[in-house]
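Structural description and commentary
What follows is the residue order along each chain.
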Amino acid sequence: MKRFVDALETVTEWIMALMLATMVALVFGNVVLRYVFHSGIVAAEELARLMFVWLVFLGATLALRHQQHLGLDFVQVRLPPKVRRACAVVSHLLMLYALWLFVEGSWVQLLIGMETFSTVLRFPMAFYAAAGFFPALAMGCMVLANLWKILAGEPGARVPGDVPANAAVTEH
């Protein structure tokens, strides 16, 4: 399973790089065309906006997988391990609830967006809602898997405030 998830992450990173390169080319090309040739690519703004939305949510998913989201653990570090784990369970349950709300809202918007189309390219506006729906499902699975590890007491569980086994401990 880990190999599959790692491969999926690699594919996601390549897709994000391709989207970013396409966005840069479209926006830069459009600027040059407007100021030099007084014309432009009509669809550039719509495509760049759609790719940007997908980039944000795919990036948030990868950041969650690698624990790169901004977090303050100065309180958890000072707590005893059992209390730290209890706080982690509560925070994971709150994250699951927030992600459920996000999935539910994105699903509603996805259904509405199937009947609404973009101005220039005429693609369904559901493409925007899908950018929140699928990554929120993926993030929910990641949070749920880590919650399971915490509750089972597995050593690979990620608990805010815990010092990773491979981290160097320094004295202050």
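Residues numbered from 1 in each chain as written. Predicted model: local features only at pLDDT ≥ 70, side-chain atom pairs only at ≥ 80, totals over all residues. Heavy atoms only, no water.

Next up on the list: the overall build of the protein chain. Tallying secondary structure elements over the protein chain gives 4 helices and 0 strands in all. Listing each helix as α and each strand as β along the protein chain from the N terminus yields α-α-α-α. By principal-axis analysis of the C-alpha atoms, the protein chain measures approximately 65 × 40 × 30 Å. Split into buried and exposed, the 172 residues of the protein chain put 30% on the buried side. Excluding contacts between residues fewer than 6 apart, the proportion of contacts in the protein chain whose partners are at least 24 apart in sequence is 70%. Accessible surface, the protein chain as shown: approximately 12,000 Å² in total, 72% of it carbon and sulfur. Of the side chains in the protein chain, 12 bear a positive and 11 a negative charge, and the two mean positions are spaced by 4 Å. (Helix = DSSP H or I, 4+ residues; strand = E, 2+ residues; numbered from the N terminus. Buried < 20%, exposed > 50% of the residue type's maximum accessible area, 1.4 Å probe, protein only. Contact = heavy atoms within 4.5 Å. Areas by Shrake-Rupley, 256 points an atom, 1.4 Å probe, with all protein chains shown as cover. Lys, Arg positive; Asp, Glu negative; His and termini not counted. Charge placed at Lys NZ, Arg CZ, Asp CG, Glu CD.)

Its 33 residues place the ends of helix H3 (residues 81-113) 46 Å apart at the C-alpha level, agreeing with the 48 Å of an ideal helix rising 1.5 Å per residue. Along H3, the positions that sit buried rather than exposed are Arg84, Ala88, Val89, His92, Leu99, Val103, Ser106, Leu110 and Gly113. Taken together, the buried residues of H3 touch helix H4 (126-152). (Expected span 1.5 Å × (residues − 1).)

With that settled, the discussion passes to a nonpolar patch on the surface. Together, Leu20, Val24, Val27, Phe28, Val31, Val32, Tyr35, Val36 and Phe37 give the surface a local cluster of nonpolar side chains, amounting to about 920 Å² of exposed area. A relative accessible area of 44% means that valine 27 is categorised as partly exposed. (Patch = residues over 30% accessible without salt bridge, like charges linked within 9 Å, V, L, I, M, F, W, Y side chains within 5 Å. Salt bridge = Lys/Arg side-chain N within 4 Å of Asp/Glu carboxyl O.)

Here the focus is the packing of aromatic side chains. Here the structure, examined in full by the defined rule, presents 5 aromatic pairs. Ring geometry for phenylalanine 123 against tyrosine 128: centres 6.0 Å apart, planes inclined by 45°, an arrangement best described as tilted. These aromatic residues form a ring-pair network of at least three members: Trp107, Phe133 and Phe134. (Phe/Tyr/Trp six-rings, centres within 6.5 Å; stacked < 30°, edge-to-face > 60°.)

With a phi close to 55°, glutamine 67 is a non-glycine residue in the positive phi region. Among the structural elements, glutamine 67 can be located in the loop between helix H2 (44-65) and H3.

It is at 9 Å that the axes of H2 and H4 come closest, and there the two elements cross at 5°. Comparing the axis directions of H2 and H4 gives the class roughly parallel. Judged by residue contacts, Glu46, Arg49, Leu50, Val53, Trp54, Phe57, Leu58, Ala60, Thr61, Leu64 and Arg65 of H2 engage Phe127, Tyr128, Ala130, Ala131, Gly132, Phe134, Pro135, Ala138, Met139, Met142 and Val143 from H4. Classifying every residue of the contact of H2 with H4 gives 17 nonpolar, 2 polar and 3 charged. (Axes fitted to C-alpha atoms, helices over the stretch in contact; angles between N-to-C directions. Parallel < 35°, antiparallel > 145°, perpendicular 65-115°, else oblique. Nonpolar A, V, L, I, M, F, W, Y, C, P; charged D, E, K, R; others polar.)

What follows is about the nonpolar core. When a protein is soluble and globular, its nonpolar side chains tend to lie buried together. Ala60, Leu99, Val103, Leu110, Ala126, Ala129, Ala130, Phe133, Ala136, Met139 and Val143 form the largest nonpolar core, which has 11 residues in total. Sorting the residues of this core by element identifies H3 and H4 as the ones contributing at least two each. At 7 residues, H4 tops the list of elements feeding residues into this core. (Core = buried A, V, L, I, M, F, W, Y, C linked by side-chain atoms within 4.5 Å.)

Locating arginine 84 in the fold gives a position in helix H3. Residue class for arginine 84 comes out buried when judged on its relative accessible area of 11%.

By themselves, these figures tell us nothing about what the structure is for.
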